[in-house]
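Examination of the molecular architecture
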Amino acid sequence: MATLRKMALSAQQIPRWLNSVKLSSFMTALQLRKGFQRPGKTLLCGVFAQPHASSEDCFLQWGFRTYRTSSMWNSSQSANSSRREINCAQSTLLPSVNEPPQKTQKMPGLDSELSLEGLDDVPPLSPLQPISDEEAVQIIAGPPLPPSSVTLRDYVDHSETLRKLVLLGVDLSKIEKHPDAANLLLRLDFEKDIKQMLLLLKDLGIEDTQLGPFLTKNYAIFSEDLENLKTRVAYLQSKNFSKADIAQMVRNAPFLLSFSAERLDNRLGFFQKELKLSVKKTRDLVIRLPRLLTGSLEPVKENMKVFQLELGFQQNEIQHMITKIPKMLTANKRKLTETFDYVHNVMRVPHHVIVRFPQVFNTRLFKVKERHLFLAYLGRAQYDPTEPNYISLDKLVSVPDGIFCEGMAKASIQDFEKFLKTL
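Residues numbered from 1 in each chain as written. Predicted model: local features only at pLDDT ≥ 70, side-chain atom pairs only at ≥ 80, totals over all residues. Heavy atoms only, no water.

**Examining helix 13 (residues 243-252)**
- Residues of helix 13 that are buried include every one of D245, I246, A247, M249 and V250, and no others.
- Buried residues along helix 13 sit against helix 10 (190-204), helix 11 (208-217), helix 12 (226-238), helix 15 (279-288) and helix 16 (291-294). (Buried < 20%, exposed > 50% of the residue type's maximum accessible area, 1.4 Å probe, protein only. Helix = DSSP H or I, 4+ residues; strand = E, 2+ residues; numbered from the N terminus. Contact = heavy atoms within 4.5 Å.)

**Observations concerning the packing of helix 10 against helix 11**
- The N-to-C vectors of helix 10 and helix 11 enclose an angle of 120°; their axes lie 11 Å apart at closest approach. Classified by the interaxial angle, the pair formed by helix 10 and helix 11 is oblique. Between helix 10 and helix 11 the crossing geometry is right-handed. The segment helix 10 lies against helix 11, with L198, L201 and K202 engaging D208, L211, F214 and L215.
- Broken down by class, the residue content of the contact of helix 10 with helix 11 amounts to five nonpolar, no polar and two charged. (Axes fitted to C-alpha atoms, helices over the stretch in contact; angles between N-to-C directions. Parallel < 35°, antiparallel > 145°, perpendicular 65-115°, else oblique. Left-handed = near helix turned anticlockwise from the far one by under 90°. Nonpolar A, V, L, I, M, F, W, Y, C, P; charged D, E, K, R; others polar.)

**Side note on the packing of aromatic side chains**
- This structure, assessed with the given rule, holds seven aromatic pairs.
- A centroid spacing of 5.5 Å and a plane angle of 70° characterise the contact between F313 and F340, whose relative ring orientation is edge-to-face. Of this pair, F313 sits in the loop between helix 17 (298-310) and helix 18 (315-324) while F340 sits in helix 19 (residues 333-346), placing them 27 residues apart in sequence. With respect to burial, F313 and F340 carry one shared label: buried.
- Ring centres 5.3 Å apart and planes at 50° place the aromatic pair F374 and F419 in the tilted group. Taken as a pair, F374 in helix 21 (residues 365-378) and F419 in helix 24 (residues 413-422) lie far apart in primary sequence, 45 residues in all.
- Overall, the relative accessible area of 1% leaves F374 in the buried class.
- Of the aromatic side chains, those joined through ring pairs into one cluster are F374, Y377, F404, F416 and F419.
- One cation-aromatic arrangement involves R371 over F404; the distance from NZ or CZ to the ring centre is 4.8 Å. (Phe/Tyr/Trp six-rings, centres within 6.5 Å; stacked < 30°, edge-to-face > 60°. Lys NZ or Arg CZ within 6 Å of the ring centre and 35° of its normal.)

**Quick notes on the environment of G169**
- For G169, the position within the fold is in the loop between helix 7 (160-168) and helix 8 (172-175).
- Looking at G169, the relative accessible area reads 43%, which means it is partly exposed.
- A C-alpha to C-alpha distance of 7.0 Å links G169 and P213, two positions 44 residues apart in sequence.
- Leaving out residues up to four positions away in the same chain, G169 has contacts with G212, P213 and T216.

**Quick notes on the packing of helix 7 against helix 10**
- Interhelical geometry of helix 7 versus helix 10 gives an angle of 20° and a closest axis separation of 11 Å. With respect to helix 10, the element helix 7 is oriented roughly parallel. Of the two elements, helix 7 crosses helix 10, and the hand of that crossing is right-handed. Residues T161, K164, L165 and L168 of helix 7 lie in contact with helix 10, whose contacting residues are F190, E191, I194 and L198.

**Overview of helix 21**
- In this model helix 21 runs 20 Å from its N-terminal to its C-terminal C-alpha over 14 residues, within 8% of the 20 Å that 1.5 Å per residue would give.
- Residues of helix 21 that are buried: L365, V368, R371, H372, F374 and L375.
- Among the residues trailing helix 21, G379 stands out with phi positive, at a value near 75°. (Expected span 1.5 Å × (residues − 1).)

Shape descriptors only; they carry no functional weight alone.
Here's what the structure looks like:
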């Protein structure tokens, strides 16, 4: 009767074993139980062992250790039952020397002894299942993620993506000023979402030292589809932009690849049509100033009207000036009109001379005034190329003060500095 009660206890513990032992191991254990069970040889822990070492001993020992591991997760086990399991392990692994050897019985076949239809589904372990003190102390918790922050710096230690972006030279202090930046970057996986885009940029010719500044300005490129970026690059190449040209354009206009191929095509068509430029000159224009493809067209349209209606330049004259100084298309309207008014009405420089030297529109007006007034003070303010002592507008605005004084004003730089103090 005692043996039967022990066998009943073993049968009750079998479902706990199933939580950690695979189904195939469980089936083999049941077969071993039928093959080896004898009166007086049933162990309390529910494992049946032979006194002599055999090929099945390894499985029995492994199954017992697995059962012990799963029993640690059961809240109904107490310290006393753990000690009984240790005693069972010792009796299993170290059988009595005086015990007579027994003949090994043949294990029955799987198909004839056990049917899977009668087995109940084993419930998975619950995350709320109690654990032992030994397992609890082995759990290592990382530092908590800040629930909210005004700076991305607080998340660098928790995000591999942010750490690698910092190593690339990305300035997070500038990116975090945009309210949507943190949500975008913290959701990205470096290997899946960023690595391929970096390889594309490097293939275009963007140097490693240029990746940081580029991504600082256009971090939103990570929200773009990689195939769309490749399509835009392919479009520019189809318009005979070389790889070096595209790299230069991307460096000077970081948002260029964020615009669709349709938009890029419309922009190129606009400048070719409105400015009446050839295909080559249109391509050269946007290479030198790629922001024409990404910025607003309103300043461009406004300046075109200023050149024609207010300043009185002809269409061909406008073409010549903007191909030499593309920034004239996006320059401040007030600056353009004030510079023209001073050069044309005060310095008495005619239109055709201004067209030859449009660099004057790209120079600070106070510098033009200082040098003209000094030349006028010395009696050398001569800007007509047909007259003696001609002063070129190009050299007037481009050369350093020393060369200006010595070569044009025929005076010392000290005299020039003294004159400026009188203004």
